[in-house]
Amino acid sequence: MRLLSIETSCDETAVSILEATGGTDNARFSVLGNALLSQIDIHKEYGGVYPMLAKREHAKNLVPLLEKALIEANLPGREAPIIDAIDDEIERILEREPDLTELFFTFLRRSPIPEIDAIAVTAGPGLVPALWVGVNLARALSLAWNKPLIAVNHMEGHMLSALACEEDGALVIDDVQFPVVGLLISGGHTEIVSMDAWHSYQLMGATKDDAVGEAYDKVARMLDLPYPGGPEISKLAEATREEAFDAGEKLPRPMINDGTCDFSFSGLKTAVLYRIKKLPDLTDAEKTRIARGFEDAVADVLWTKTSRAIEETGANTLVIGGGVSGNTNLRRVFAEKIAAEHSGTTLRIPPRALTTDNAIMIGIAAYYRALAHEYSNRETLNADGNLALAKRDKS
Ligand code: KG4
Ligand code: ZN
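Computed from a predicted model, the values in this text were never measured in an experiment. Note that residues are indexed from 1 along each chain, following the sequence as it is written. Chains and ligands are labelled by the order in which they are written, letters from A for the one and numbers from 1 for the other. Note on the predicted model: pLDDT of at least 70 is required for a residue's local features to be given, and 80 or more for side-chain atom pairs to be given and counted; whole-chain, interface and lining totals, by contrast, use all residues. For the side-chain quantities, the full set of heavy atoms in the structure was used; hydrogens and water were omitted.

Observations concerning a negative patch on the surface
Argument step 1. In this analysis, a patch consists of residues with relative accessible area above 30% that form no salt bridge, clustered at 9 Å for like charges and at 5 Å for the nonpolar side chains Val, Leu, Ile, Met, Phe, Trp and Tyr. Areas reported as accessible are Shrake-Rupley estimates using a 1.4 Å probe. Residue values count occlusion only from the protein chains shown. A carboxyl oxygen of Asp or Glu within 4 Å of a side-chain nitrogen of Lys or Arg is what we treat as a salt bridge. Charged residues are defined narrowly, with Lys and Arg counted positive, Asp and Glu counted negative, and His plus the chain ends left uncounted. A charge is said to be at NZ when it belongs to Lys, at CZ for Arg, at CG for Asp and at CD for Glu. A cluster of acidic side chains, namely E167, D168, D174 and D175, defines a negative patch on the protein surface.
Argument step 2. By the secondary structure assignment, D175 is in the loop between β9 (170-174) and β10 (180-185).
Argument step 3. For the exposure calls, accessible area comes from a 1.4 Å probe over protein chains only, and a residue counts as buried if that area is under 20% of its type's maximum, exposed if over 50%, partly exposed in between. Judged by relative accessible area, which is 53%, D175 ranks as exposed. Secondary structure elements follow DSSP: runs of H or I of four or more residues count as helices, runs of E of two or more count as strands, with numbering from the N terminus.

Structure follows, in structure tokens:
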């Protein structure tokens, strides 16, 4: 089946077209088209992402990216749809997206209807105004082209795409051994989820305060490093890794031994702040020491909690997903630790290009929903900023 997918939950505008084949036991995804535009340079100026600014940028860029992905995919298509009869209905769907409406109508009138089977879109979690741009465009397209809609949970996109391996230019998800434990680490989320079958999730732990990506970004700001902070801190810390063990500042590891799979990162962030305040001068050498100490503390906490979740569930597979899973040190620490401490558990880490937000992961998650015949209603589809992937087991 061919899926057109849209992602606008945060600061990446993305559209992908995937050809998906196989069942849940052996799914295979070929990327026919993939267009992505990061707003990082725009948000950099402010040191973080502003929802209304993100919305404006999505509205400006989404239709051109849709066109780009379709051109790349070069799908056969039928002539442009006759939409005059449904003009009003499309306008109503796009009522709250005035910046996008004209672009959309121009696109629609000149573009053939592509041979796709469904339209997938991130419905949450994320920044609500940003999410709505994607959701409303998907609803309008679904009406104009008469294609079914699939709402996707962004975190499920991170989780399932992390299971994929690259094989002969395609992404393959096969031989998944349940239970799976997923450590999902991004700018907005830090959670450990267990999955005992497709679409059956349980929340094992989550952050009580900051997400780990958020902590990276805030600490980077304290160190005068640009947004997003993850790659910047990583760069500094990596430079010290060939040196002695004590190249890093000693920093706390909040909640590490509390017997839960929950996290807290605000204490770690505050410890960095106090450390900086005590310094007469924030030299490059001090920045590096702090970056290294911060990364070591983060890796230590993330591994300890994940290891606990593996023990509790008897997980056969561990995945890590989300923007922070692209971190070089974490990828190395997790690979080493899993081999040393849980040799019966297989670690799957997504290809780096799939770690930060993209629309390929949305298409992957959508395919499993399609296999389960889970489609969404165009009229009632909502953007939900707090959409949860998993709940805690009450038992
Ligand atoms: O998943 P993502 O692209 O967006 C959200 O859904 O939030 O994650 C973005 C987060 C940012 O906080 C960024 O600093 C962090 O991921 N990040 C990293 C790295 N690359 C991105 N953190 C640590 N190391 C990296 N290499
Ligand atoms: Zn994300």
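From this point, the discussion proceeds with the structure in view.
So, the sheet that holds strand β12 (residues 200-206)
Argument step 1. Reading across the sheet, the 5 strands line up as β12-β11-β10-β13-β14 and stay open at both edges, with mixed pairing between neighbours. Unpaired on one side and paired on the other, β12 and β14 (346-348) mark the two borders of the sheet. Strand-to-strand, the axes of this sheet are offset by a mean angle of 20°, without reference to chain direction.
Argument step 2. Think of it this way: DSSP has to see at least two bridges between two strands before they count as a pair. Bridging between strand β11 (residues 190-197) and β12 involves 6 bridges; their strand directions are antiparallel. Opposite M195, over in β12, you have Y201 as the bridge partner.
Argument step 3. Contacting β10, β11, β12 and β13 (317-321), helix α6 (residues 154-161) crosses the sheet at an angle of about 120° to β10. Structural elements are reduced to axes, namely lines fitted to C-alpha atoms, with helices fitted over the stretch in contact, and the angle between N-to-C directions of any two is expressed from 0 to 180 degrees. Contact criterion: two residues are considered in contact whenever any of their non-hydrogen atoms come within 4.5 Å of each other.

Here we look at the sheet that holds strand β7 (residues 149-153)
Argument step 1. Taken together, 7 strands build an open sheet; the order of strands is β7-β6-β1-β2-β3-β9-β8 and the sheet is mixed. Of all the strands in the sheet, just β7 and β8 (165-167) have a single pairing partner and so form its edges. When the angles between neighbouring strand axes are averaged without regard to direction, this sheet yields 35°.
Argument step 2. Alignment of β8 against β9, held across 3 bridges, turns out to be antiparallel. Note that in β9 the partner of E166 across the bridge is L171.
Argument step 3. In this fold helix α2 (residues 51-73) packs onto β1 (2-7), β2 (12-21) and β3 (26-38), with an angle of close to 135° to the strand it touches most, β3.

What about the coordination of the zinc ion (ligand 2)?
Argument step 1. Any nitrogen, oxygen or sulfur atom within 2.8 Å of a metal ion counts as a donor, with the limit raised to 3.2 Å for Na, K and Ca, and since water is left out, coordination shells can look unfinished. Only H154 (NE2), H158 (NE2) and D357 (OD) from the protein coordinate the zinc ion (ligand 2), and they sit 2.1 to 2.2 Å from it.
Argument step 2. Binding-site remark: the zinc ion (ligand 2) is held by donors from one chain whose sequence spacing is H-x3-H-x198-D. Here the residue H158 occupies a position in helix α6, and D357 occupies one in the loop between β14 and α12 (360-371), the gap between them amounting to 199 residues.
Argument step 3. Judged by relative accessible area, H158 falls into the buried class, the value being 1%.
Argument step 4. On the basis of relative accessibility, which here comes to 12%, the residue D357 falls in the buried class.

A few points about α6
Argument step 1. For α6, a buried count of 8 out of 8 residues is recorded, marking the element as mostly surrounded by other parts of the structure.
Argument step 2. The definition of a polar contact used here is a pair of N or O atoms within 3.5 Å, where within protein one atom must be able to donate a hydrogen and the other to accept one, and adjacent residues in sequence count solely through side-chain atom pairs. Measuring from the backbone nitrogen of M155 back to the side-chain oxygen at the start of α6 gives 2.7 Å, which picks out N153 as the cap.

Focus: the packing of aromatic side chains
Argument step 1. Within 6.5 Å between ring centres, the rings of Phe, Tyr and Trp (the latter by its six-membered ring) count as paired, and their orientation is classed by plane angle as stacked under 30 degrees, edge-to-face over 60, tilted in between. Inspection of the entire model under this criterion finds 12 aromatic pairs.
Argument step 2. With a centroid separation of 5.9 Å and 15° between ring planes, the pair formed by F263 and F265 is classed as stacked.
Argument step 3. Under the relative-accessibility criterion, F263 is labelled buried at 0%.
Argument step 4. Among the aromatic residues, ring-to-ring pairing joins F29, F178, W198, Y367 and Y368 into one connected group.

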